[in-house]
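Observations on chain architecture
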Amino acid sequence: MSHVLLVTVPNNRESPEKTFAAVQHVVTASSYSTMSKVEVPNLVVGTLDTLMSLADELGKIGTVIENVVRKVERQYLEMAGPKPESLRIQDVTVEAYLQRFQWDFAQYQQQGRQLGELVSQIQAMAGKVDEDLKTLNTSYMDKTVALAAAKRKKVINLTTSDLEDFLTQADMTRIDVLDTEHLLTVFVVVPASLEQEFLDGYGNIGESIAAYGGPDWRTSTSRVGENDGKYGAALERTAVTGSPVVPGSAVKVAREADQVMYAITVLKGHYQAGVIVDDVYTNGNFVDYVEPLKQAFREKRFIVRDIVFDATKAGGVDGVIQQAEHEMNQVRNAALRWCRAHFGEVYGGWMHLKLVQAFVESVLRYGLPVDFVTFLVVPNPKVEKEVRTRLTNVVLQLRPELQMKKLLLSDEEEDGEGGDDSDTLPYVCLKFAVIGASA
């Protein structure tokens, strides 16, 4: 990964251009790196306490904002797919932006403002970007989940899928669907390997469920209703039983993978005989056949389904998938536009925060009056260590008074008090990764 060095070097009453040119001549030799001078505006120095407090906080704040930059970049790359366009800042690539980076006076007015105000402005901007990104990501994930759910419906299971997912209105018109006082049409899902077994025996399933017993008045119609002991509450209707399935009613409805679905018609049940007590007639109870029949079919590995069909939704799975894809692509495209726009905003804020940090550390290290040159170095990743060595050597040649500071910092590092490599240099050098660079 490429890195950028934001460096400041004291001018010692020389012109910033002369200091910059001397360093550039050595550091950019043999195309080891590129350098660009940054014009720092007249920032308000404030008090020593303010500077020291900021110095302690700016590193932490910078890490938080860097993470927001990375989040925006990651979100963009995840949505953009293979070979995405490079993210840009102010309509230029990241590399070009760094080479031309200057203070944005329109966005970050610095005159008369304390450094803490500038830092707070950058923090607030980055915080809003982070919150908006979370909302955008949640919306995109919701649409992705909706699309996945719609596609799962495309994988038809005759037992669990909604009937509208695999049947059309035309399919339903081929079936005589009954739901009367006595008859009901249901669907039966059958394993394809048991289809013939079902066709051969479905009319005999549940032979003990339906009651067919009762008086036979066919041979003596004149005695219909006569109290001959063969009707009424004492009648044993279950003396003769059979299956409630109407013989010959099976109609094939659908086939999917290793399942077949048939429609059959069944008897709903019967009423027990009513009784008269003290001249008050009480209706008999209804004896349901359907639920016991479902259990009997289930024991044969056949699943009975009630017919619940909405013609307005019939055959709508493809339409639902297309709508879900459309909505997901809408959110995705909006998210890509948002990432392109806000990547530059938060990246620019991050760079301005780095400049404030370099300014604060330079004042604390070099003292007043403010007299140092600021520049960006983008080393060749293969020789980054050598470039930093060249940079340190040329700075010490130009400003030998910094040698003592280097020795003091080296002693602190040996005593276990030193920080990372940038902290032990005799000049200010902030190192950070190049985010969003072209592949």
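Anyway, here's the lowdown on the structure attached to this text. All of these numbers come straight from a predicted model, not from anything done at the bench.

A few words now on helix 9 (residues 384-398). With 15 residues, helix 9 should reach 21 Å at 1.5 Å per residue; the first-to-last C-alpha distance of 21 Å fits that figure. Of all the positions in helix 9, only Glu384, Val387, Arg388, Leu391, Thr392, Val394, Val395 and Leu396 are classed as buried.

This part covers the packing of aromatic side chains. Applying the stated criterion across every chain, the model contains 14 aromatic pairs. Consider the rings of Tyr97 and Tyr347, whose centres lie 6.2 Å apart with planes at 85 degrees: the pair is edge-to-face. One end of the pair, Tyr97, is in helix 3 (residues 94-100); the other, Tyr347, is in helix 8 (residues 317-366), and 250 residues separate them in sequence. Of the two residues, Tyr97 and Tyr347, neither departs from the other in class, the shared state being buried. Relative to Trp350, the ring of Tyr347 lies with its centre 5.4 Å away and its plane at 85 degrees, an arrangement referred to as edge-to-face. One end of the pair, Tyr347, and the other, Trp350, are both in helix 8, three residues apart, so they sit about a helical turn from each other. As far as burial versus exposure is concerned, Tyr347 and Trp350 are alike and both buried.

Here the focus is helix 2 (residues 48-80). Along its 33 residues, helix 2 runs 47 Å from first to last C-alpha, staying within 8% of the 48 Å computed at 1.5 Å per residue. By the largest-angle criterion, Glu57 marks the main kink of helix 2, which is about 35 degrees. Of the residues one or two after helix 2, Gly81 is the one with positive phi, at around 80 degrees.

What counts as what
Residues numbered from 1 in each chain as written. Predicted model: local features only at pLDDT ≥ 70, side-chain atom pairs only at ≥ 80, totals over all residues. Heavy atoms only, no water. Helix = DSSP H or I, 4+ residues; strand = E, 2+ residues; numbered from the N terminus. Expected span 1.5 Å × (residues − 1). Buried < 20%, exposed > 50% of the residue type's maximum accessible area, 1.4 Å probe, protein only. Phe/Tyr/Trp six-rings, centres within 6.5 Å; stacked < 30°, edge-to-face > 60°. Bend = angle between axes of the 7 residues up to and from the residue.

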